Every structure is written in C-alpha cells, then in structure tokens.
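What the coordinates show
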Amino acid sequence: MRYTLLFSLLAAFLITACGTDAPDVADDEQVIDIEVTNQGYEPGQIELTAGVPTRLVVTRTGDSACASQLQIPEFDIAPTDLPQNEPVEFTFTPTAEGDYAFTCGMDMLTGTLSVHS
Ligand SMILES: [Cu+2]
C-alpha cells in the first residue's frame, strides 16, 4: 500500500520531469539558484532547456569585489551589481543550443550555461 503510493508519486514526478536533468523545471519556467563565493560560482555548470524561460537567482555570499557583479553577454545582460547576501534575479529565454558563459564584471570568474533541447 505504502509502496504503491510511493510508486505513483514517483511515476507522476518522472512524467512531469520528462527525463531532463535541468533543475526545477516547474510549469513554464526553469529556476536555478546560484551562489557566488570568493572562489566562484556554485554551481558553475548549469544545464538549461532551450525555449524555456529561465530565472537565475544569484546570491553573492563572498565579500570579494571581483564577485560583486554578474554579466551574461550572450543574453544581453550587462554587468549587474550583486549586493552581498541579497538574491538578484536574472531572466531570459535561451533559444539556441550551446554553451554560454556568465562571468563577473571583470570577466575573471566564469560559469557555463549549457543549453540543450
Ligand atoms: Cu572579477
């Protein structure tokens, strides 16, 4: 009985997730939390599904000036301030498959948005 319920929930989840490994694809949006430490981005490699509106929630926890801005040139996001410990949201919709960099304002810290269909 318990296992049947568990299995139903699992099946429902799998059908909803549809085999993608993109995190948190809920409804028509994929939401990804990113932490910016003094060492870089956590996670630094992000899988996205093409054509799905994307929301990056970026929180800088590190105190380094290097980490204090984020830019994603490929998606027309200019260097944007990241106040320490305050989540900043970036929204865009990736349309074409490929790897796109997001970096600090000085182009030193780098992360990758991996867009696939
Ligand atoms: Cu920098």
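The rules behind the values
Residues numbered from 1 in each chain as written. Predicted model: local features only at pLDDT ≥ 70, side-chain atom pairs only at ≥ 80, totals over all residues. Helix = DSSP H or I, 4+ residues; strand = E, 2+ residues; numbered from the N terminus. Buried ≥ 20, exposed ≤ 12 C-beta atoms within 10 Å, placed from the backbone. Contact = placed C-beta atoms within 7 Å. Core = buried A, V, L, I, M, F, W, Y, C linked by C-beta atoms within 7 Å. Pairing = 2+ DSSP bridges.

**Considerations on the overall build of the protein**
- Scanning the protein from N- to C-terminus turns up one helix and 10 strands.
- For the protein, the succession of helices and strands along the chain, N to C, is α-β-β-β-β-β-β-β-β-β-β.
- Evaluated residue by residue, the protein yields a buried proportion of 18% over its 117 residues.
- Put simply, 61% of the contacts in the protein that link residues at least 6 apart link residues at least 24 apart.

**Remarks on the nonpolar core**
- Judged by nonpolar contacts, the single largest core of 16 residues is most densely connected at I34, V36, V58, L70 and L113.
- Looking at this core, the elements with two or more residues in it are β2 (29-37), β4 (45-49), β5 (54-60), β6 (69-72) and β10 (110-116).
- Apart from the residues within four sequence positions on either side, I34 is in contact with Y41, E42, P43, L56, V57 and V58.

**Section: the pairing of β4**
- Of the two faces of β4, the one lined by I46 and L48 is fully buried and the one lined by Q45, E47 and T49 carries no buried residue.
- As judged from the five bridges shared by β4 and β10, these two strands associate in the parallel manner. Looking at β10, one finds that Q45 is bridged to T112.

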